[in-house]
Structure formats: C-alpha cells, structure tokens
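Understanding the architecture of this molecule
Listed here are the chains, written in short residue letters.
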Amino acid sequence: MKFQRVRQHVVEMSVMLADHGYFAATGGNLALKADDEHILVTPSATDYYQMAAADVCVLRLPDLVQMDGDRKPSVESGMHARLLRVRADCRASIHTHQPIASACTLVGQPVPVQRMEDRELLGNEVRVVGYAPSGTTWLSSKLAKALRPDINAYLLRTHGAICCGATAEHAMRAISVLERVALDYLRARIATHAAKPSSQQAALRQLLATLDAEPIQDMAL
C-alpha cells in the first residue's frame, strides 16, 4: 500500500476532527501532501469512525488521477488540490462544516482576527469565498481567486470553512482557532443587538448564554 504511514495519519486526523465535532458522519474532508506529486484525500461517503488507511485515496496532484485507494475520493478533491497547488508552502488542507464558523458564512463578511497569536496562524482576517455548488470546479476556482499567501482560513459561503497549513498539525490548530475566532465575532454581533430593547432581546441573551456554555477546545495531534 502506497504511503501507508501518511494514510494512517489521515485516519487519525479524521477521527480527531469527528471527536471534536468538526467532522460529522460523512461530512467534512481533508487532504495531505504525501510528496510534491501526490495528495492523500479522504474517501467519499465514508463514516470516519469506520475508515481504514486502505480507504484513503492517493491522487496525483497535477491531474487528480487516482493511483491507489479502495474507495472513490471526496467530491471536494478538486478544491483541496487547487489550494495545495496554489499554496505550495502548505502540506495540509481541511474542509469542515464546523458549527460556529459555518454560522458566520451566512453573515457573508470577512471575520477580523484580533489576537496576535491567532494572526500568526490564520492571518489578519478570515476571507469569504462566494457561493458555488459543492464539489464543482466553479467552487475550486472561486477559492483559488480568494487565496492569499498570508491567510490560512477561509469561509465558504453557506458551506463551511477550509483551512490550510504548512503541516497537518498547523492545519488542525487552525481549524480550532478559527472556531474560537468565529465565536468571538458572532458573540460580539449578537451582544450588540441584545443590548438594544426589542422583542428579541430575551432570545438573544439566551443565545449568548448558550454560546458561552460551550468553550472551544484546541486539538493536538
């Protein structure tokens, strides 16, 4: 089996993302560079708790020809490959439907990154990629146009988030830091509205209490 150790790493990352609620059932996907010519991609429609290393797909990075793997690759393989070709400095790309960041995709505005330590990982802001259907070259093209060398986190309009990193560990950390940054941003917007008397004030305050009750935990491989 080609790249067995790295494929097992994909399995371990996927389980950890599922454990923390960033992947759910078969939702979410990731890609790792095995070398400069090959990427390893999670398979399509596979429960991550049942996935084995042999299920992880080996694709040629330039043209996405499948070289190994027992299953079909994720429909988002093209998006991951496009990112990893443009961002040659990155070795990992993770796409999630994480709850808070996904809520921010509905707002449709860039999310500022306030803390200096978070900026070192994500960049100065989280950019928004315009809507395109999942798994299409249209979405891959929109992401490619939005990519910047100093920004490692992006919101896909109504479709979750994607983060990249120089290593798998950096990309995993970016996912959890993005969720915390998104929480701070969303909470500030809600608090502004909750401070104004309205028929929705009680509901907004309850929403704030719910957000505060669920702290974001960092992931460490």
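Further up the page is the structure itself.
Residues numbered from 1 in each chain as written. Predicted model: local features only at pLDDT ≥ 70, side-chain atom pairs only at ≥ 80, totals over all residues. Heavy atoms only, no water.

**Some words on the overall build of the protein**
Each helix and strand in the protein was counted, giving 7 helices and 9 strands. Relative to its length of 221 residues, the protein is compact, with a C-alpha radius of gyration of 18 Å against a globular reference of 17 Å. In terms of principal-axis extent, the alpha carbons of the protein reach across some 60 × 35 × 30 Å. Burial statistics for the protein: of 221 residues in total, 48% are counted as buried. Partitioning the contacts of the protein with sequence separation of at least 6, the portion at a separation of at least 24 is 64%. Total accessible area on the protein is roughly 10400 Å²; 52% of this is exposed by carbon and sulfur atoms. (Helix = DSSP H or I, 4+ residues; strand = E, 2+ residues; numbered from the N terminus. Rg over C-alpha atoms; globule rule 2.2 N^0.38 Å. Buried < 20%, exposed > 50% of the residue type's maximum accessible area, 1.4 Å probe, protein only. Contact = heavy atoms within 4.5 Å. Areas by Shrake-Rupley, 256 points an atom, 1.4 Å probe, with all protein chains shown as cover.)

**What to know about the sheet that holds strand β6 (residues 111-112)**
Spatially, the 9 strands line up as an open sheet ordered β4-β3-β2-β1-β5-β9-β8-β7-β6, and their pairing is mixed. Each edge of the sheet is formed by a strand with only one pairing partner; in this case those strands are β4 (66-68) and β6. The sheet contact formed by strand β7 (residues 125-129) and strand β8 (residues 153-156) spans 3 bridges and is parallel. Looking across to β8, one finds that R127 is bridged to Y154. Seen against the sheet, helix α5 (residues 137-146) touches β7, β8 and β9 (161-165) and runs at an angle of roughly 145° to β7. (Pairing = 2+ DSSP bridges. Axes fitted to C-alpha atoms, helices over the stretch in contact; angles between N-to-C directions.)

**Notes on the nonpolar core**
Counting 48 residues, the largest nonpolar core has L17, L30, L32, I94, L122 and L178 as the members making the most contacts within it. Top contributing element to this core by residue count: helix α6 (residues 168-194), with 14 residues. Counting residues in hydrophobic clusters, the runner-up holds 22 residues, among them L61, M79, L139 and L156. (Core = buried A, V, L, I, M, F, W, Y, C linked by side-chain atoms within 4.5 Å.)

**Some remarks on unusual backbone geometry**
You will see that A45, though not glycine, has its phi angle at about 50°, which is positive. Its place among the elements puts A45 in the loop between β2 (38-41) and β3 (57-60). For L64, which is not a glycine, the phi torsion comes out positive at approximately 65°. Here L64 shows up in the loop between β3 and β4.

**What to know about the packing of helix α1 (residues 4-19) against α6**
Two measures define how a pair of helices packs: the angle their axes make with one another and the distance between the axes. At a minimum axis distance of 12 Å, the contact between α1 and α6 shows a crossing angle of 10°. Comparing the axis directions of α1 and α6 gives the class roughly parallel. Every pair of crossing elements has a handedness; the one defined by α1 and α6 is right-handed. Across from H9, M13, M16 and L17 in α1, the residues of α6 making contact are A168, E169, M172 and I175. Looking at the contact of α1 with α6, its residues break down into 6 nonpolar, 1 polar and 1 charged. (Parallel < 35°, antiparallel > 145°, perpendicular 65-115°, else oblique. Left-handed = near helix turned anticlockwise from the far one by under 90°. Nonpolar A, V, L, I, M, F, W, Y, C, P; charged D, E, K, R; others polar.)

**Comments concerning the pattern of salt bridges**
If you walk through the whole model with that rule in mind, you get 9 salt bridges. A salt bridge links D68 to R7; its shortest N-O distance comes to 2.9 Å. Of this pair, D68 sits in strand β4 while R7 sits in helix α1; the two residues are 61 residues apart in sequence, bridging distant segments of the chain. On the accessibility criterion, R7 (0% relative accessible area) is buried. (Salt bridge = Lys/Arg side-chain N within 4 Å of Asp/Glu carboxyl O.)

**Quick look at the environment of P215**
Within the fold, P215 resides in the segment after α7 (201-212). Looking at P215, the relative accessible area reads 61%, which means it is exposed. On a C-alpha basis, the gap between P215 and P73 in space is 33 Å, while along the polypeptide they are 142 residues apart.

**A few points about the side chain of R87**
Mapped onto the elements, R87 comes out in the loop between α2 (77-86) and β5 (92-96). Assessed through its relative accessible area of 4%, R87 is described here as buried. From its side chain, R87 meets the backbone oxygen of I151 in a polar contact 2.9 Å long. Not counting residues up to four positions away in its chain, the partners in contact with R87 are K33, R148, P149, I151, N152, Y154 and C164. (Polar contact = N/O pair within 3.5 Å; in protein donor to acceptor, adjacent residues only side chain to side chain.)

**Quick look at the state of the cysteines**
One pass over the structure, following the stated rule, counts 0 disulfides. Here C164 is not cross-linked by a disulfide; its sulfur's nearest cysteine counterpart is in C90, at 3.8 Å. (Disulfide = S-S within 2.5 Å.)

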